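Coordinate analysis (summary)
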Amino acid sequence: MTTALLETVAAANRPRQFGLLEKAVDVLSHSRALHALYVRGSLAAGTADRLSDLDFIVAVDDPEFASFVRVADALMAAELGAILPGWHDTIVARMGGLGYVYLVAYEGKLHQIDLYLVPASRLDTVLARTTAMPVYLAEDVAARAHSHVDWFINSTLERPHTPAELLTEVLVLGQMIRKRVSRGQRFIAYAEVFALNTAVKNLIKAALAPGSTFYGWYQLPEEIGATPIGRACLADLDALIRGPAVPTGDDLSTAIGRALAVARRAAPDAVTAFGPAIDAYRHYLDLP
Amino acid sequence: MSVTATPAPLTLPAQVGALRPIAATLVERMRHEAMTVPTDWVIEYGDYQNGGWHTLSLLNDTGDPRDVMIRDCPTPTGTSLLRQMPAVSELLDSLGLKYMWVRLARLDAGSFLWEHRDYGELSAVERHRLHVPLVSNSSAYLVLGGTKVHMGVGRVWRLTPTVPHGVCNLFGPQRMHLMLDCYADEALHAFLDGGECDPAGAQPLPVPSPTNLDEQLATARGLAELGYDQAAETGLLELFYRYAMPEGQVYDLIVNMYASLHRDEDAVRWRTKKNTMLGRN
């Protein structure tokens, strides 16, 4: 009797993302192309808290890998409530696959789901490099190598990002930094603030100097600052990089507001296309 | 990037309109009640939605708030839920209308009521539906006649639900409306006549190009080929909220998708469902 009562209390206090975890596993495992699904990160390490993201390794039959990647955004939007396309994760280690980060509205909160999509033939390589726990294993399937996979992954990794993709990156990083601020993870917050500022710089370059041959932060005044719109964008970027390296919640709100102002100026079509999603994002992050 | 044509200048569809404003203080009290009082929401009309549309009854013929499948009901009584919501009672009393049924409806993030017609199962007497938005957001809107209409909080809205329409809440937060199904009488006609055309919350949807539809169909086929049938169907049904689509075309696209995959039983199933949703049975 006591055990049953305790189980009731435990169920009532189960972190919200466990419901999302069950839903995600149910959705993703519907495909015959899926060989295995693992969780990694804090869920696998036993250190998850109520802010933890869901971090999956998704092993897909090699011949179906490209098809799976092409429909992943549509799947995540239709079935799991992703409010934006997946951000092609440039922070995750290169382990032979492709990483995407989704922001998902679930039970009144915004959650982060990371999918590391890997050809099934390379799953062992990934598992050797990370702590992971299986949550779904298909029965009676054997990995089939496919020569097209390498080309597909490499060409995806090398493709330049569009302003819309970089705007997605900014918004995802904003959510990630908010989590760091809430947890007091100052060093990771520092790294992610730099990543956010870099994403804003990249967005400006992708929108206003898409053919740029200059590396990184070089030659911005000469190349971007040659026009009024470019100078306005650089003024906002300058304000961003002068912000605190380790932000408070208010600092982060200001930074996201500046980043969105840059996006509205440099890439208005992307902001318009994401308009209602950005409104929702503001609500979930409690931004003004 | 594909190019889409934009329809003619906006006029609010005749089947929807903003009526009289409601005092802001009453709206705030009703919103507070709606967000704090209801529990045990009911998911009904499962064929018409994707699982995120919840309702509870405030006026019906049983007094049970979980009895939410509407039917003709000339003398409704307040449910136990309405007795806990004095501000909502105040509004209903003040309107002085002949109610058939009144519900509180909650539409969660990522939820849809697919393109459909209402009232098909009811007797052929004149009735109208009024909406009172209490909580909403920019990604929550009604679509009919190729126009998206965001029903703003602070007014009573009328809707003729016998024309094909659908509702979405793409990204959240939750949307909450009072839904008042009313029998026509002098008071209702006077109420409706007092309305004004307010196109501020309306926006024409773009007409999809053949390329748009081909791309969407290709994505849906890709999902179905991988085994994600529900996502494929949802992706096509959602086109109703993104483009000005002729009546029933989203259902035809699903039929075509399954036909192209030689899944004839699924094609037949969706052809039948189209007729049900659009009241053609």
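Residues numbered from 1 in each chain as written. Chains lettered and ligands numbered in written order. Predicted model: local features only at pLDDT ≥ 70, side-chain atom pairs only at ≥ 80, totals over all residues. Heavy atoms only, no water.

1. Some words on the overall build of chain B
The number of helices and strands found in chain B is seven helices and 12 strands. For chain B, the C-alpha radius of gyration of 19 Å lies close to 19 Å, the compact-globule estimate for 281 residues. Projected onto its principal axes, the C-alpha positions of chain B cover 55 × 40 × 35 Å. Within chain B, buried positions represent 54% of all 281 residues. By sequence separation, contacts in chain B at least 24 residues apart represent 76% of the contacts at least 6 residues apart. On chain B, roughly 11700 Å² of surface is accessible, and the fraction owed to carbon and sulfur atoms is 52%. Averaging the coordinates of the 24 positive side-chain charges in chain B and doing the same for the 33 negative ones gives two points 1 Å apart. (Helix = DSSP H or I, 4+ residues; strand = E, 2+ residues; numbered from the N terminus. Rg over C-alpha atoms; globule rule 2.2 N^0.38 Å. Buried < 20%, exposed > 50% of the residue type's maximum accessible area, 1.4 Å probe, protein only. Contact = heavy atoms within 4.5 Å. Areas by Shrake-Rupley, 256 points an atom, 1.4 Å probe, with all protein chains shown as cover. Lys, Arg positive; Asp, Glu negative; His and termini not counted. Charge placed at Lys NZ, Arg CZ, Asp CG, Glu CD.)

2. Quick notes on the domain arrangement of chain B
Residue and element names in this part refer to chain B. Structurally, chain B comprises domain 1 (16-204) and domain 2 (210-277). On a C-alpha basis, the centroid separation for the pair domain 1 and domain 2 is 29 Å. Tallying the contact residues gives 16 residues for domain 1 and 13 residues for domain 2. A buried area of about 1300 Å², summed over both sides, lies between domain 1 and domain 2, and 60% of it is on carbon and sulfur atoms. If you sort the residues of domain 1 by the area they bury against domain 2, W114, E115 and V143 come out on top, with a joint share of 47%. On the surface where domain 1 and domain 2 come into contact, there are one salt bridge. Here E247 and R117 are joined by a salt bridge, their closest N and O atoms 2.9 Å apart. Our count for the domain 1 to domain 2 interface comes out at seven residue pairs in polar contact (both at pLDDT 80 or more). (Domains from an automatic or database assignment. Buried area = accessible area lost by both parts, 1.4 Å probe. Salt bridge = Lys/Arg side-chain N within 4 Å of Asp/Glu carboxyl O. Polar contact = N/O pair within 3.5 Å; in protein donor to acceptor, adjacent residues only side chain to side chain.)

3. Details of the domain arrangement of chain A
Residues and elements named next belong to chain A. For chain A, the domain assignment lists domain 1 (2-158) and domain 2 (163-284). For domain 1 and domain 2, the distance between their C-alpha centres works out to 27 Å. Listed by partner, the interface residues are 19 residues for domain 1 and 15 residues for domain 2. The junction of domain 1 with domain 2 conceals about 1500 Å² of combined surface from both sides, 71% of it contributed by carbon and sulfur atoms. It is L51, L84 and W87 that lose the most area in domain 1 upon contact with domain 2, and together they represent 36% of the buried surface on that side. D49 is the salt-bridge partner of R183, the closest N and O atoms lying 2.9 Å from each other. Our count for the domain 1 to domain 2 interface comes out at five residue pairs in polar contact (both at pLDDT 80 or more). Secondary structure elements with two or more residues in the side of domain 1 that touches domain 2: β4 (98-106) and β5 (109-119). Residues of the side of domain 1 that touches domain 2, tallied by class, amount to 10 nonpolar, six polar and three charged. (Nonpolar A, V, L, I, M, F, W, Y, C, P; charged D, E, K, R; others polar.)

4. Focus: the side chain of B:K274
Residues and elements named next belong to chain B. Structurally, K274 can be placed in helix α7 (residues 264-277). Overall, K274 belongs to the buried group, its relative accessible area being 13%. Excluding its chain neighbours within four sequence positions, the residues that come into contact with K274 are G248, Y251, D252 and R280.

5. Description of a nonpolar patch on the surface
A cluster of nonpolar side chains, A:F194, A:W217 and A:I241, forms an exposed patch at the surface whose accessible area comes to about 300 Å². Inspection of the secondary structure assignment puts A:W217 in the loop between α8 (186-208) and α9 (220-223). (Patch = residues over 30% accessible without salt bridge, like charges linked within 9 Å, V, L, I, M, F, W, Y side chains within 5 Å.)

6. Observations regarding the confidence of the model for chain B
When pLDDT is averaged across chain B, the result is 92; 93% of the residues are at 70 or more. Of the regions scoring below 50 in pLDDT, residues 1-9 of chain B engages in 15 contacts with residues more than four places distant in sequence or in other chains. (pLDDT = per-residue confidence, 0-100.)

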